[in-house]
Amino acid sequence: MSSNFHVLIPCAGTGTRIGGDIPKQFQKLHHQEIVLYSLNIFLNMPEIKTVWVGLSESIFQNQELRSVFPKHPKLRLCVTGGETRALTVLNTLDYLLSQNTDAVFANDWVLVHDAARPGIQAKFVKQLIDVVSQSKQAGGILALPIADTVKKSSSDTSLNRSESTIDRTGLWVAQTPQMFKINDLRKSIYTSLEQSLDVTDEASAMENCGHSVLLIEGDFQNFKVTYPKDLMNMERLLNKSLFKIGQGYDVHRLVDGRPLILGGITVPYEKGLLGHSDADALLHAIIDALLGAAGLGDIGQHFPDTDPAFQGADSGVLLQHAYAKVLETGYELVNLDATIICQKPKLMPYLSAMKDRIASLIKVNAEQINLKAKTNEGLGYLGEYLAIETQTTVLIAKIS
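Residue numbers restart at each chain and count upward from 1, following the sequence in its written direction. For a predicted model such as this one, the threshold for reporting local features is a pLDDT of at least 70, and the threshold for listing and counting side-chain atom pairs is 80 or more; totals across whole chains, interfaces and linings nevertheless cover every residue. Hydrogens and water molecules were not included; the side-chain quantities draw on all heavy atoms of the structure.

## Here we look at the sheet that holds strand 17 (residues 369-374)
Selection criterion: When DSSP finds two or more bridges between a pair of strands, those strands are recorded as paired. In this text, helices come from DSSP runs of H or I with a minimum length of four residues, and strands from runs of E with a minimum of two, each type numbered from the N-terminal end. Residue contacts follow a heavy-atom distance rule, with two residues in contact if any of their heavy atoms lie within 4.5 Å. Here an axis means a line fitted to C-alpha atoms, over the contact stretch when the element is a helix, while the angle between two N-to-C directions is reported on a 0 to 180 degree scale.
Spatially, 5 strands are ordered 15-12-18-16-17 in an open sheet, and the strand pairing comes out mixed. Each end of this open sheet is capped by a strand with a single partner; those strands are strand 15 (272-273) and strand 17. Here 2 bridges tie strand 12 (residues 243-255) to strand 15, and the two strands are oriented antiparallel to one another. Looking across to strand 15, one finds that Leu254 is bridged to Leu273. Each of strand 16 (331-341) and strand 18 (387-398) touches helix 11 (residues 315-328); the most contacted strand, strand 16, lies at about 145 degrees to it. Against the sheet, helix 12 (residues 351-362) engages strand 16 and strand 17, with an angle of about 145 degrees to strand 17.

Listed below in structure tokens is the structure:
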């Protein structure tokens, strides 16, 4: 029995019911395309040998859409899109067989997974692989037993009215992945389409040809994103925490001939902070904390000091750009607490103005911001008036 496992993701559809200007599988959940959630699961599973993604010609030729896929030795992008999902799967199976002429390859397992099921978890994929590969059945699928009472509605008017109650005993809702031998699945889909039989998923094609299919209990999170409300529900499931914490830190050397800019204001002093931008160490620490809380990296990734565009840049503008990125992830500031550490100058008289300036820059209430100024008790480079250090902690929350 073959121990090689491959994944096939039909990714050629347009998904018009969800709306938007691009196919639904390329729309974003938080800051990542829907298709990448499941794709990354499969690419990182040692059990999976290759992953084949079936694309339409128009999607493949769209550089912006094609570029979302990572460069990975397991990944194969194919122009195999058909008018229906079944045709895309069949075309992709034909293509991968043409790329692997070894007769043994046709007896490998293939797991077909919807591009718009981002909630799949590796443990359920592994369970499917283990159960099906050790059984004597032709294949199996992840599925959920129906728990709710099932009603059949009348369709004679625009209003849905209950016509009858269906016995739910033995009824399951099919999910993906669906796992079968490559050649068995190819022959079953081809035969079903040739005989104009209904092919709503891979299991139905196999059943049409007399094969029995195992049902392995899946997970409620593994639903297909079809409508806008599905997108909202999946966002909540994939981002379980309503709150996130970020920490920021920065330090800059004090030098002659530079203005001292902290918290977006100019502080009267004989020296200023050295840096590529205006060297506002407080705003830099706040930017780092906000980006960190949102999982967006750090200030150096977004505003590198090697880029001439940020030479002498206003850190207030950088803060606004960084916070806009946080808002795009669906989170907003709850509160911010920062400490400025320096021996000189005395900063207490300027903290209120800094607070107001920061609140104004990111359009939050000044009461959400707390600033403190500390000396370093004459110790180290801070105590010797050589630098100013800042530390920040922020709490962000999901926008309701």
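## Description of the side chain of Ser188
Going by this rule: Nitrogen and oxygen atoms within 3.5 Å of one another constitute a polar contact, given that in protein one can donate a hydrogen and the other can accept it, and given that sequence-neighbouring residues count only through two side-chain atoms.
Secondary-structure assignment places Ser188 in helix 6 (residues 182-194). A distance of 2.9 Å separates a polar side-chain atom of Ser188 from the backbone oxygen of Asp184. Apart from residues lying up to four places away in sequence, Ser188 is in contact with Ala205, Met206, Cys209 and His211.

## What about helix 1 (residues 34-43)?
Cut-off, in case you're wondering: Each residue gets one of three labels from its accessible area relative to the maximum for its type: buried under 20%, exposed over 50%, partly exposed in between, using a 1.4 Å probe on protein chains only.
Of all 10 residues that make up helix 1, 8 are buried, and the element is covered over most of its length. Considered for burial, the residues of helix 1 that qualify are Ile34, Val35, Leu36, Tyr37, Ser38, Leu39, Phe42 and Leu43.

## Focus: the packing of aromatic side chains
Put simply, the rule is: Aromatic pairing here means that ring centres of Phe, Tyr or Trp (its six-membered ring) are within 6.5 Å. Orientation follows from the plane angle: under 30 degrees is stacked, over 60 is edge-to-face, and everything else is tilted. Only when the NZ atom of a Lys or the CZ atom of an Arg is both within 6 Å of the ring centre and within 35 degrees of the ring normal do we say a charge sits over the ring.
Inspection of the entire model under this criterion finds 3 aromatic pairs. Ring geometry for Phe26 against Phe69: centres 5.9 Å apart, planes inclined by 90 degrees, an arrangement best described as edge-to-face. Remark: Phe69 occurs in the loop between helix 3 (63-66) and strand 5 (75-79) and Phe26 occurs in the loop between strand 1 (5-10) and strand 2 (28-29); sequence separation between them is 43 residues. Phe26 gets classed as buried once you look at its relative accessible area, which sits at 3%. Given a relative accessible area of 7%, Phe69 falls into the buried group. Taken together, a centroid distance of 5.5 Å and an interplanar angle of 85 degrees make the contact between Phe303 and Phe310 edge-to-face. Comparing Phe303 with Phe310, the two get one shared label, buried. Sitting over the ring of Trp109, Lys181 keeps its end group 4.7 Å from the ring centre. A cation sits over an aromatic face here: Lys344 above Tyr385, 5.3 Å from the ring centre.

## Some remarks on the state of the cysteines
Here is the rule: To count as a disulfide, a pair of cysteine sulfur atoms needs to be within 2.5 Å.
Inspection of the entire model under this criterion finds 0 disulfides. Between Cys78, a cysteine without a disulfide, and Cys11, which holds the nearest cysteine sulfur, the sulfur-to-sulfur distance is 11 Å. With a relative accessible area of 1%, Cys78 lands in the buried category.

## Considering the environment of Asn370
With respect to the secondary-structure elements, Asn370 resides in strand 17. Other than its neighbours up to four places away in sequence, Asn370 contacts Leu336, Asp337 and Ala338. Among the polar contacts made by the side chain of Asn370, one reaches the side chain of Asp337 at a distance of 2.7 Å.

## Here's the deal with the pattern of salt bridges
Threshold: We define a salt bridge as a contact between a side-chain nitrogen of Lys or Arg and a carboxyl oxygen of Asp or Glu at a distance within 4 Å.
If you walk through the whole model with that rule in mind, you get 6 salt bridges. Notably, a salt bridge pairs Asp94 with Arg186, separated by 2.6 Å at the nearest N-O pair. Taken together, the residues span a long stretch of sequence, with Asp94 in helix 4 (residues 85-99) and Arg186 in helix 6 at a distance of 92 residues. Accessibility expressed as a relative area gives 33% for Asp94, which makes it partly exposed. A salt bridge links Asp337 to Lys372, with the shortest nitrogen-to-oxygen separation between them at 2.9 Å. Of this pair, Asp337 sits in strand 16 while Lys372 sits in strand 17, and the two are 35 residues apart along the sequence. A single salt-bridge network, built from bridges that share partners, covers Arg85, Asp114, Arg117 and Glu202.

## Considering the nonpolar core
Generally speaking, nonpolar side chains in soluble globular proteins are found buried as a group. To keep things clear, this is the line we draw: Nine residue types can take part in a nonpolar core, namely buried Ala, Val, Leu, Ile, Met, Phe, Trp, Tyr and Cys, and a core is a set of them joined through side-chain atoms within 4.5 Å.
The biggest cluster of nonpolar side chains holds 47 residues, and the ones touching the most others in it are Leu262, Leu282, Leu290, Leu319, Met354 and Leu371. Every element with two or more residues in this core is listed here: strand 13 (260-262), strand 14 (265-267), helix 9 (281-293), helix 11, strand 16, helix 12, strand 17 and strand 18. Per element, the largest residue contribution to this core is 9 residues, and it comes from helix 9. Setting aside its immediate chain neighbours within four residues, Leu290 contacts Leu319, Tyr323, Val326, Leu333, Val394 and Ile396. Phe42, Met45, Leu111 and Met179 belong to the second-largest nonpolar core, a separate cluster that totals 32 residues.

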